[in-house]
Amino acid sequence: MARHDRIKRGAEYAAARALLAVFGWIPRRMALAAGEAVAWVGFHAARRQRQVGLENLRMAMPELSEAERLSILRGSFSNLGRLLAEFSHFPELTPSNVSDRVVYDGLENYLEGVRRGRGVLYLAAHFGAWELMSFAHAIAGHPMKFVVRAIDNPMVDRLIQDYRGLGGNVPIVKRNASREIIRALRENRAVGILMDQNTSRDEGIFVDFFGVSAATTPSVATLALRTGAAVVPAFLIWDPHSGKHRLRFDPPVPTVQTGDFAHDVAENTRRFNAVVEEYVRQYPDHWLWIHRRWKTRPEGSAALYASQAASGHAQSR
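Residues numbered from 1 in each chain as written. Predicted model: local features only at pLDDT ≥ 70, side-chain atom pairs only at ≥ 80, totals over all residues. Heavy atoms only, no water.

Caption draft 1: How the structure looks around the overall build of the protein. Each helix and strand in the protein was counted, giving 11 helices and nine strands. The globule rule puts the C-alpha radius of gyration for 317 residues at 20 Å, and the 20 Å found for the protein is close to it. Counting contacts in the protein only where the partners sit at least 6 residues apart, residues at least 24 apart contribute 75% of the total. Taken as a whole, the protein presents about 15600 Å² of accessible surface, with 53% of it coming from carbon and sulfur. Of the side chains in the protein, 41 bear a positive and 32 a negative charge, and the two mean positions are spaced by 5 Å. (Helix = DSSP H or I, 4+ residues; strand = E, 2+ residues; numbered from the N terminus. Rg over C-alpha atoms; globule rule 2.2 N^0.38 Å. Contact = heavy atoms within 4.5 Å. Areas by Shrake-Rupley, 256 points an atom, 1.4 Å probe, with all protein chains shown as cover. Lys, Arg positive; Asp, Glu negative; His and termini not counted. Charge placed at Lys NZ, Arg CZ, Asp CG, Glu CD.)

This is the structure:
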């Protein structure tokens, strides 16, 4: 590794560690306010991410005014600031105090999935303080395994994984995921897969999301069909009045099984996407709009993002 890369990685790690330490040192209420301030700066400084977020909102919610979309996007940045504050305070969470921050809504639906005995797949997304969702549930006595993509900087990756593991959750690195997931489900354990991000054409299938064809991971549907695991929607919803998050579990989603495996994977993936979409429609400021969700396009389709279109035009000249 070049000296420049080593210095860059070291600086990134020092910044990440200092940020978590400072936010974790100040009281949670102050950390939430500081997270809001960081989010305000991010919203105004991150021009490219802001542009992507607005493009996504125009595609997904064309009925809204530009002012309404900007308001949602500001809320989405605020959600990230809130996530930073909560993540920084993971070390102080215990079974006796976790309910001061997270309350259950529909825990019986999760327990129904466990009762079936074939494992539980969380139908989850980058929604609300998603890191806190799995962490709080583990602290309350329900640890899980979750699929992650390693962060490019291995020092930062170890730091983040150390925080995530404090509650008893165990990460599964994406490139080695299938075998470990199946083993966990056979042991009737819970596994989390965030299925709301863009995938490559080779890894995903195209199903509608907000009425726009989106490359989506078929892994949740494939695993559910192969193992019989219960697919339980799980979303963390912020309540500013109480200063707490509501961990909502919905009843397990029935899986379609016609005997045509490819058809069933596509149909169940479509249904799972619809569940995520419904939550995003209800709480649009909770979702990660700055991700280029529709980046991968079906063959022959035009690029949807301005930066993609500009790049494609330049390459064709």
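That covers the picture; the talk isn't over yet.
Caption draft 2: Focus on the pairing of strand β5 (residues 190–194). Most of β5 is tucked away: four of the five residues are buried. Where strand β2 (residues 120–124) meets β5, five bridges bridge the pair, whose relative direction is parallel. Bridging from a neighbouring strand, Ala 124 pairs with Leu 194 of β5. One ladder, built from two bridges, connects strand β3 (residues 145–148) with β5; its direction is parallel. Bridging from a neighbouring strand, Lys 145 pairs with Val 191 of β5. (Buried < 20%, exposed > 50% of the residue type's maximum accessible area, 1.4 Å probe, protein only. Pairing = 2+ DSSP bridges.)

Caption draft 3: Molecular detail of the environment of Asn 268. Following the sequence through the fold, Asn 268 ends up in helix α10 (residues 261–282). Judged by relative accessible area, which is 0%, Asn 268 ranks as buried. Counting along the chain gives 15 residues from Asn 268 to Val 253, while the straight-line C-alpha distance between them is 9.2 Å. The contact partners of Asn 268, leaving out residues within four places of it in the chain, are Ala 221, Leu 225, Pro 254, Thr 255 and Val 256.

Caption draft 4: Looking closely at the environment of Ile 160. With respect to the helices, strands and loops of the structure, Ile 160 is situated in helix α7 (residues 154–164). Accessibility expressed as a relative area gives 15% for Ile 160, which makes it buried. Taking the C-alpha atoms as reference points, Ile 160 and Glu 92, 68 residues apart in sequence, are found 16 Å from one another. What Ile 160 contacts, discounting residues up to four positions off in sequence, is Leu 20, Phe 87 and Ile 151.

Caption draft 5: Spatial organisation of the pattern of salt bridges. The full count for this structure, using the stated rule, is 15 salt bridges. With its nearest N and O atoms 2.7 Å apart, the salt bridge here joins Glu 66 to Arg 69. Of this pair, Glu 66 and Arg 69 both sit in helix α4 (residues 66–88), three residues apart, which is roughly one turn of that helix. When its relative accessible area of 31% is taken as the criterion, Glu 66 is described as partly exposed. (Salt bridge = Lys/Arg side-chain N within 4 Å of Asp/Glu carboxyl O.)

Caption draft 6: Fine view of the sheet that holds strand β8 (residues 230–239). Strand order in the open sheet formed by seven strands is β1-β9-β8-β2-β5-β3-β4, with mixed pairing between adjacent strands. Each having just a single partner strand, β1 (102–105) and β4 (170–173) make up the two edges of the open sheet. Each strand axis lies, on average, 30 degrees off the axis of its neighbour in the sheet, ignoring direction. When β1 meets strand β9 (residues 244–249), the two strands line up parallel, connected through four bridges. What sits directly across from Tyr 104, in β9, is Leu 247. (Axes fitted to C-alpha atoms, helices over the stretch in contact; angles between N-to-C directions.)

Caption draft 7: Spotlight on the pairing of β9. By the alternation rule, side chains of β9 split into His 245, Leu 247 and Phe 249, which are all buried, and Lys 244, Arg 246 and Arg 248, of which none is buried. Where β8 lies against β9, six bridges are found, and the strand directions are antiparallel. If you follow Asp 239 over to β9, its bridge partner there is Lys 244. In sequence, β8 turns back onto β9 through a hairpin of four residues, with Gly 243 there showing a positive phi of about 70 degrees.

Caption draft 8: Helix α2 (residues 28–45), seen in detail. Between its terminal C-alpha atoms α2 stretches 25 Å, which fits the 26 Å expected from 18 residues at 1.5 Å a residue. Residues of α2 that are buried include every one of Arg 28, Ala 31, Leu 32, Gly 35, Ala 39, Gly 42 and Phe 43, and no others. Taken down its axis, α2 places every buried residue within 115 degrees of arc, on the same side. Away from its buried face by more than 90 degrees, α2 exposes Arg 29, Met 30, Trp 40 and Ala 45. The inward-facing, buried residues of α2 abut α1 (3–25), α3 (47–60), α4, β8 and β9. (Expected span 1.5 Å × (residues − 1). Arc of directions from axis to C-beta.)

Read these as geometric descriptors, not functional statements.
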